[in-house]
Amino acid sequence: MLWVQALVFCGGLIYAAVDDLKTRTVCDIVCIIIAAAGLITISPASLLGALLAMAPFYLCAGLGLMGGGDWRLAAAVGFVLGVDRVITGFSIMAIALLLASFAMRVIPALRKGASAKQPLVPYFAVAFIPAYFI
């Protein structure tokens, strides 16, 4: 059953990342499907992981810094991963965001995109898919 969870989790995140790049939105159905995959291995750590992953994005959405889909996706991802792997994913995500920000400042062709708002879900996929397997 864990391979089913891995397929749904990774496939859902990849779909959400591509969709976010195209439409700048996060589909609620994808969040529900990813959270449903977490029911396969549900534990108290699942609920804590959802709260831990959701909290910073929920606060940023409340302040108008990002959309509401990001915190819903973060809660679904955290529900699947649990606390330990959420922390690992946040570490990978921070490194990916720093590297992308650095590249946008250094490479002249990427400077145009640096001033515009960047979709966040591709960074979710880059960070939390490896965190799932760690």
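Residues numbered from 1 in each chain as written. Predicted model: local features only at pLDDT ≥ 70, side-chain atom pairs only at ≥ 80, totals over all residues. Heavy atoms only, no water.

Peer 1: What is the right way to read the overall build of the chain from this model?
Peer 2: A tally of helices and strands in the chain yields 6 helices and 0 strands. Along the chain, from the amino end to the carboxyl end, the secondary structure elements read α-α-α-α-α-α. Here the C-alpha radius of gyration of the chain, 15 Å, is about what a compact globule of 134 residues would show, namely 14 Å. When its C-alpha atoms are laid out on the principal axes, the chain stretches across 45 × 30 × 25 Å. A total of 134 residues make up the chain; the buried ones form 39% of that total. A fraction of 80% describes how many contacts in the chain between residues 6 or more apart in sequence connect residues 24 or more apart. Of the accessible surface of the chain, which amounts to about 7,500 Å², a share of 75% is contributed by carbon and sulfur atoms. (Helix = DSSP H or I, 4+ residues; strand = E, 2+ residues; numbered from the N terminus. Rg over C-alpha atoms; globule rule 2.2 N^0.38 Å. Buried < 20%, exposed > 50% of the residue type's maximum accessible area, 1.4 Å probe, protein only. Contact = heavy atoms within 4.5 Å. Areas by Shrake-Rupley, 256 points an atom, 1.4 Å probe, with all protein chains shown as cover.)

Peer 1: What should I look at first to understand the side chain of Asp70 in this one?
Peer 2: Note that Asp70 resides in helix 4 (residues 68-106). Buried within the structure, Asp70 lacks any salt-bridge partner; Arg72 is the closest side chain of opposite charge, at an N-O distance of 8.7 Å. Every residue in contact with Asp70, bar those within four places of it in the chain, is listed here: Val26, Phe57, Leu120, Val121 and Phe124. (Lys, Arg positive; Asp, Glu negative; His and termini not counted. Salt bridge = Lys/Arg side-chain N within 4 Å of Asp/Glu carboxyl O.)

Peer 1: What is the right way to read the layout of surface pockets from this model?
Peer 2: A water-sized probe rolled over the atoms picks out the places where empty space is left. Put simply, the largest pocket is a space of about 500 Å³. If you trace the largest pocket, you find 20 residues lining it, with Met66, Lys117, Gln118, Pro119 and Leu120 closest to the centre. Counting residues per element, the lining of the largest pocket draws most heavily on helix 4, which supplies 7 residues. Considered class by class, the residues forming the lining of the largest pocket number 10 nonpolar, 5 polar and 5 charged. (1 Å grid on protein atoms, 1.4 Å probe; cavity = no way out; pocket = protein on both sides within 12 Å on 5 of 7 lines; lining within 4 Å. Points joined across faces, edges and corners; volume = space filled by probe spheres on them. Nonpolar A, V, L, I, M, F, W, Y, C, P; charged D, E, K, R; others polar.)

Peer 1: Is there a simple way to explain the packing of aromatic side chains in this structure?
Peer 2: Under the definition given, this model contains 7 aromatic pairs. Between Phe57 and Phe124 the ring centres are 5.2 Å apart and the planes differ by 40°, which places this aromatic pair in the tilted class. You can see Phe57 sitting in helix 3 (residues 44-62) and its partner Phe124 sitting in helix 6 (residues 121-133), a full 67 residues away along the chain. In this structure, Phe57 and Phe124 share a single accessibility class: buried. Their ring planes at 85° and their centres at 4.9 Å tell us that Tyr58 and Trp71 sit as a pair that is edge-to-face. In this pair, Tyr58 is assigned in helix 3 and Trp71 in helix 4, connecting sequence segments 13 residues apart. Residue classification places Tyr58 among the partly exposed residues on the basis of a relative accessible area of 45%. For Trp71, a relative accessible area of 22% corresponds to the partly exposed category. (Phe/Tyr/Trp six-rings, centres within 6.5 Å; stacked < 30°, edge-to-face > 60°.)

Peer 1: Would you explain helix 4 in this entry?
Peer 2: The α-helix winds at 3.6 residues per turn, so residues separated by three or four positions along the chain end up facing the same way. Its 39 residues place the ends of helix 4 only 31 Å apart at the C-alpha level, less than the 57 Å of an ideal helix rising 1.5 Å per residue. Of all the bends in helix 4, the largest measures some 120° and sits at Gly82. (Expected span 1.5 Å × (residues − 1). Bend = angle between axes of the 7 residues up to and from the residue.)

Peer 1: Where do I start with the packing of helix 1 (residues 2-23) against helix 2 (residues 28-38) in this structure?
Peer 2: Two packed helices can be described by the angle between their axes and the distance between those axes. Contact pair helix 1 / helix 2: the axes reach a minimum separation of 9 Å and the direction vectors enclose 160°. Here helix 1 lies roughly antiparallel to helix 2, going by the angle between them. Like other packed secondary-structure pairs, helix 1 and helix 2 cross with a definite hand, here left-handed. Touching Gln5, Val8, Phe9, Gly12, Leu13, Tyr15 and Ala16 of helix 1 are Val30, Ile33, Ile34, Ala37 and Gly38, all from helix 2. (Axes fitted to C-alpha atoms, helices over the stretch in contact; angles between N-to-C directions. Parallel < 35°, antiparallel > 145°, perpendicular 65-115°, else oblique. Left-handed = near helix turned anticlockwise from the far one by under 90°.)

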